[in-house]
Amino acid sequence: MSIIQIIISAIYLVGMIGFISVFALVAIWLERKVSAHVQDRLGPMETGGWHGWSQTIADMLKLLLKEDVVPDAADKPLFKLAPYIAFTGSLAAFAVLPMSANLIGTDLNIGIYYLIAVSSLVTISIIMAGWASNNKWSLFGAMRAASQMLNYEIPVALSLLVPILIVGSLSMQELVGAQAGGFWNWTIFGAHLGGGSFLLLPFTILAFVIYFWSSLAEVNRTPFDLPEGESEIIGFQVEYSAMRFAMFYLTEFANMFLVSGVAVALFLGGWHAPLPFLEISPETSILFHNLIGLGWFVLKAMILVVIQMWLRWTLPRLRVDQLMHICWKVFIPFSLANVLVVSLLAVLQS
Amino acid sequence: MAGYFKDLYLGVTTVIAGMQVTFRHLFEKNITIQYPRVVKEMYPRARARLVNTISECECCYKCQRICPVNIFTITGIRAGKDEDLGMLPSGKPKQMHILEFDIDFSKCVYCGLCVDVCETKSLHWEAPQEVCTFTRGEMKISFADMPEEEKQRLLKQEAEKKAARAAAAAAKAAAGGAKPGAKPVPKKPVVKKDEGENAAEEKTE
Ligand code: SF4
Ligand code: SF4
């Protein structure tokens, strides 16, 4: 690896951290607005003038300046390390997220596999945080998080197998590339198996729905926010304050973008525009090709993020047994059957 | 098995129904009132703050006597026959100088008895938007508008009158063969006692 490559990677890394921070600031503000309007309120209106746009910036400054309290009985090294591991896990997954044609950390040939593996690191950090806090409620939250996230890895992986089977590759860029040329080529509409377009439609939509719902559980969002359970156990971050708490918060929103980004890349055409003429071809201008691609990617991901918020403020929290019921008795059988049917069709096709 | 699929169907349809409800609310009119900029009208009958129109008060002490928490401090002096203090709304002439009409509003329990009992309707509720104050002291409201010199003059006059009356009574007692023990007790104004009580309360608090 040459020195130039290292420098480029470092710049990309810093850029990605910046992007995640800015996204988190916007998304937290948006979440407050969505929650407020769903409940016929207004949300933040004062800070910064126009609809309180700088409220989250003020909150971030507040969190930076607050005292960082570490409980006396906590396991201090683990307690201090946990939020950074959580953020590292989600940042590492961003390395293979194809933001545009050339804007990708590294296009591994096992990109999606790497992503599923490395994003599980968040589970470990949550258990670390819950255990090291030496607090019952933290531990409850951590146990719930562990069981929930490990269980929901299965339907996530199984439903992601469907586009992989259709395209026949594990590389993110190839998965996206196969969906070029208009929205009718997107995986969610069951394209890429020649004449089998309409035949695959129900299966790909089912895979997308299962992925989207399981990913909600992966990122601990309502209706699967048992590990946090703000109104009952508060969850694994109950002992955290200031910067470390902000780190967990940042990770949560980074993960929201991550799972939406994966859904966009695998099902919704990635950085390709819904209609071919809305794109600029790389021959005209490589820069604008990338910029427009990035715009489409972020736009699609943001729409999914807003749907996540919309769901959060619609549904109540599930009980633990209901959570397991949905995972083991609904999502897993359906996604297994789904994978079987799609692979059968893929074999028949070829 | 049928139950399983029925549950699934119910799950999907109710989630969709719920999302429709929340989507409608996204665009519904907000109920938030942005307080310092938009001030809501108070209800006309709200018990927010007691106000006494001092020119209409006949200083009958009824409000003071009925108040369960004893927050009125009233000092009135009967005017002489030749003094003209104007008219009350009822058409009767005003007979009392009001030297002092203070309420410690922080102790009020908002029962409204004093307003009910006031015959001239000079004591009434008002509903301003902002009744909060920064200190308890600011909640002590004074309604009497008599200037200090005038107050002193009236008090002196009253004391002189009292002395004169006491002297007259003493002379009368001396002339009338002295009933032993029947000392001329000048009638204490109720107010003085009341003030004492208030002061004691303050100390114990
Ligand atoms: S009851 Fe009314 S008139 Fe009588 S002293 Fe009180 S405020 Fe004045
Ligand atoms: S409302 Fe009740 S408590 Fe308040 S001043 Fe009148 S009588 Fe006293």
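Going by the structure above, here's the rest.
In short, a report on the structure. If you're wondering where the values come from, they're calculated on a predicted model, not measured in any experiment.

Considering the overall build of chain A
Then comes step 1: Across its full length, chain A holds eleven helices and zero strands.
Then comes step 2: Ordered by position from N to C terminus, the α and β elements of chain A give α-α-α-α-α-α-α-α-α-α-α.
Then comes step 3: Scaling as 2.2 N^0.38, a compact globule of 350 residues should have a C-alpha radius of gyration of about 20 Å, and chain A matches this with 21 Å.
Then comes step 4: With respect to the three principal axes, the spread of C-alpha positions in chain A is 65 × 50 × 50 Å.
Then comes step 5: The buried share of chain A, taken over its 350 residues, is 52%.
Then comes step 6: Sequence-distant contacts in chain A: of pairs separated by 6 or more residues, those separated by 24 or more amount to 76%.
Then comes step 7: Surface exposure of chain A reaches about 15,400 Å², of which carbon and sulfur atoms provide 74%.

Overview of the overall build of chain B
Then comes step 1: Tallying secondary structure elements over chain B gives five helices and five strands in all.
Then comes step 2: Tracing chain B from N to C terminus, the helices and strands come up as α-β-α-β-β-α-β-β-α-α.
Then comes step 3: Classification of the 205 residues of chain B by burial places 28% in the buried group.
Then comes step 4: The contacts of chain B with a sequence gap of at least 6 include a subset with a gap of at least 24, amounting to 76%.
Then comes step 5: Accessible area for chain B stands at about 14,400 Å²; split by element, carbon and sulfur atoms hold 61% of it.

Observations concerning the pattern of salt bridges
Two side chains that carry opposite charge are able to pair once their charged atoms sit near each other.
Residue and element names in this part refer to chain A.
Then comes step 1: A complete count under the given rule lists eleven salt bridges over all chains for this structure.
Then comes step 2: Ionic pairing is found between Arg221 and Glu31, a salt bridge with its closest N-O pair at 3.0 Å. With Arg221 in the loop between α8 (197–218) and α9 (242–267) and Glu31 in helix α1 (residues 3–38), this residue pair connects regions lying 190 residues apart in the sequence.
Then comes step 3: We classify Arg221 as buried; its relative accessible area is 1%.
Then comes step 4: With a shortest N-O distance of 3.7 Å, Glu31 and Arg312 are connected by a salt bridge.

Examining the site of ligand 2
Then comes step 1: The environment of ligand 2 is formed by 13 residues, the closest being B:Cys67, B:Cys108, B:Cys111, B:Gly112 and B:Cys114.
Then comes step 2: Of the residues assigned to the shell around ligand 2, the class counts are twelve nonpolar, one polar and no charged.

A short note on the interface of chain A and chain B
Then comes step 1: Counting from both sides, the interface comprises 18 residues of chain A and, opposite them, 17 residues of chain B.
Then comes step 2: Summed over both sides, the interface between chain A and chain B buries roughly 1,600 Å², with carbon and sulfur atoms accounting for 62% of that surface.
Then comes step 3: Looking at the side of chain A facing chain B, the largest losses of area belong to A:Asp40, A:Leu42 and A:Trp310, adding up to 37% of the total buried there.
Then comes step 4: In this structure, the connection of chain A to chain B is made through one salt bridge.
Then comes step 5: Across the pair A:Glu46 and B:Arg37 runs a salt bridge, and its minimum N-O distance is 2.7 Å.
Then comes step 6: Where chain A touches chain B, the interface holds eight residue pairs in polar contact (both at pLDDT 80 or more).
Then comes step 7: Of all elements in the fold, only α1, α10 (286–312) and α11 (320–349) of chain A reach the threshold of two or more residues within the side of chain A that touches chain B.
Then comes step 8: When its residues are assigned to classes, the side of chain A that touches chain B shows twelve nonpolar, two polar and four charged.

Focus on the site of ligand 1
Then comes step 1: For ligand 1, the set of nearby residues contains 13 residues, the closest of which are B:Cys57, B:Glu58, B:Cys60, B:Cys63 and B:Cys118.
Then comes step 2: Partitioning the shell around ligand 1 into residue classes produces eight nonpolar, three polar and two charged.

As for the sheet that holds strand β5 (residues 140–142) of chain B
Residue and element names in this part refer to chain B.
Then comes step 1: Pairing is antiparallel across the open sheet formed by three strands, whose spatial order is β2-β3-β5. What marks the edges here is a single partner per strand, and that holds for β2 (72–78) and β5. Taking the axes of each pair of neighbouring strands and ignoring which way they run, one obtains an average angle of 10° across the sheet.
Then comes step 2: Both β2 and strand β3 (residues 96–104) contribute to a ladder of seven bridges, which runs antiparallel. Paired with Phe72 across the bridge in β3 is Ile103.

Some points on the side chain of B:Thr22
Then comes step 1: Relative to the helices and strands, B:Thr22 is located in helix α1 (residues 2–26).
Then comes step 2: When sequence neighbours within four positions are dropped, the list of residues in contact with B:Thr22 reads A:Val38, A:Trp310, A:Trp313 and A:Thr314.

With respect to helix α6 (residues 136–167) of chain A
All names here are of chain A.
Then comes step 1: With 32 residues, α6 ought to run about 46 Å at 1.5 Å a step, and its terminal C-alpha atoms sit 47 Å apart, in line with that.
Then comes step 2: Sitting at the amino-terminal end of α6 is Asn135, which places a side-chain oxygen 2.7 Å from the backbone nitrogen of Trp137.
Then comes step 3: The positive-phi residue at the C-terminal boundary of α6 is Gly168, with phi of around 85°.

Some words on the nonpolar core
Then comes step 1: Judged by nonpolar contacts, the single largest core of 83 residues is most densely connected at A:Leu97, A:Met172, A:Leu266 and A:Phe267.
Then comes step 2: The element that contributes the greatest number of residues to this core is α9(A), accounting for 14 residues.
Then comes step 3: In this structure, this core is formed jointly by two domains, domain 1 (1–63) and domain 2 (66–349) of chain A, each of which donates at least three residues.
Then comes step 4: Setting aside chain neighbours within four positions, we find A:Phe267 in contact with A:Ser159, A:Leu160, A:Pro163, A:Gln179, A:Trp186, A:Thr187, A:Ile188, A:Thr204, A:Ala207, A:Phe208, A:Tyr211 and A:Val262.
Then comes step 5: Grouped together as the second largest cluster of nonpolar side chains are 26 residues, B:Leu50, B:Val51, B:Phe105 and B:Ala144 included.

Some thoughts on the packing of aromatic side chains
Aromatic rings considered in pairs are described by the distance between their centres and by the relative angle of their planes.
Then comes step 1: If you walk through the whole model with that rule in mind, you get 24 aromatic pairs over all chains.
Then comes step 2: Consider the rings of B:Phe105 and B:Tyr110, whose centres lie 5.5 Å apart with planes at 75°: the pair is edge-to-face.

Re the packing of α1(A) against helix α2 (residues 55–65) of chain A
Residues and elements named next belong to chain A.
Then comes step 1: Running from N to C, α1 and α2 point in directions that differ by 115°, and their axes come no closer than 8 Å. Crossing of α1 over α2 shows right-handed handedness. Facing α1, whose interface residues are Leu25, Ile28, Trp29 and Arg32, α2 presents Gln55, Thr56, Ile57, Asp59 and Met60.
Then comes step 2: Each residue belonging to the contact of α1 with α2 can be placed in one class, and the counts come to five nonpolar, two polar and two charged.

The rules behind the values
- Residues numbered from 1 in each chain as written.
- Chains lettered and ligands numbered in written order.
- Predicted model: local features only at pLDDT ≥ 70, side-chain atom pairs only at ≥ 80, totals over all residues.
- Heavy atoms only, no water.
- Helix = DSSP H or I, 4+ residues; strand = E, 2+ residues; numbered from the N terminus.
- Rg over C-alpha atoms; globule rule 2.2 N^0.38 Å.
- Buried < 20%, exposed > 50% of the residue type's maximum accessible area, 1.4 Å probe, protein only.
- Contact = heavy atoms within 4.5 Å.
- Areas by Shrake-Rupley, 256 points an atom, 1.4 Å probe, with all protein chains shown as cover.
- Salt bridge = Lys/Arg side-chain N within 4 Å of Asp/Glu carboxyl O.
- Near = heavy atom within 4 Å.
- Nonpolar A, V, L, I, M, F, W, Y, C, P; charged D, E, K, R; others polar.
- Buried area = accessible area lost by both parts, 1.4 Å probe.
- Polar contact = N/O pair within 3.5 Å; in protein donor to acceptor, adjacent residues only side chain to side chain.
- Pairing = 2+ DSSP bridges.
- Axes fitted to C-alpha atoms, helices over the stretch in contact; angles between N-to-C directions.
- Expected span 1.5 Å × (residues − 1).
- Core = buried A, V, L, I, M, F, W, Y, C linked by side-chain atoms within 4.5 Å.
- Domains from an automatic or database assignment.
- Phe/Tyr/Trp six-rings, centres within 6.5 Å; stacked < 30°, edge-to-face > 60°.
- Left-handed = near helix turned anticlockwise from the far one by under 90°.

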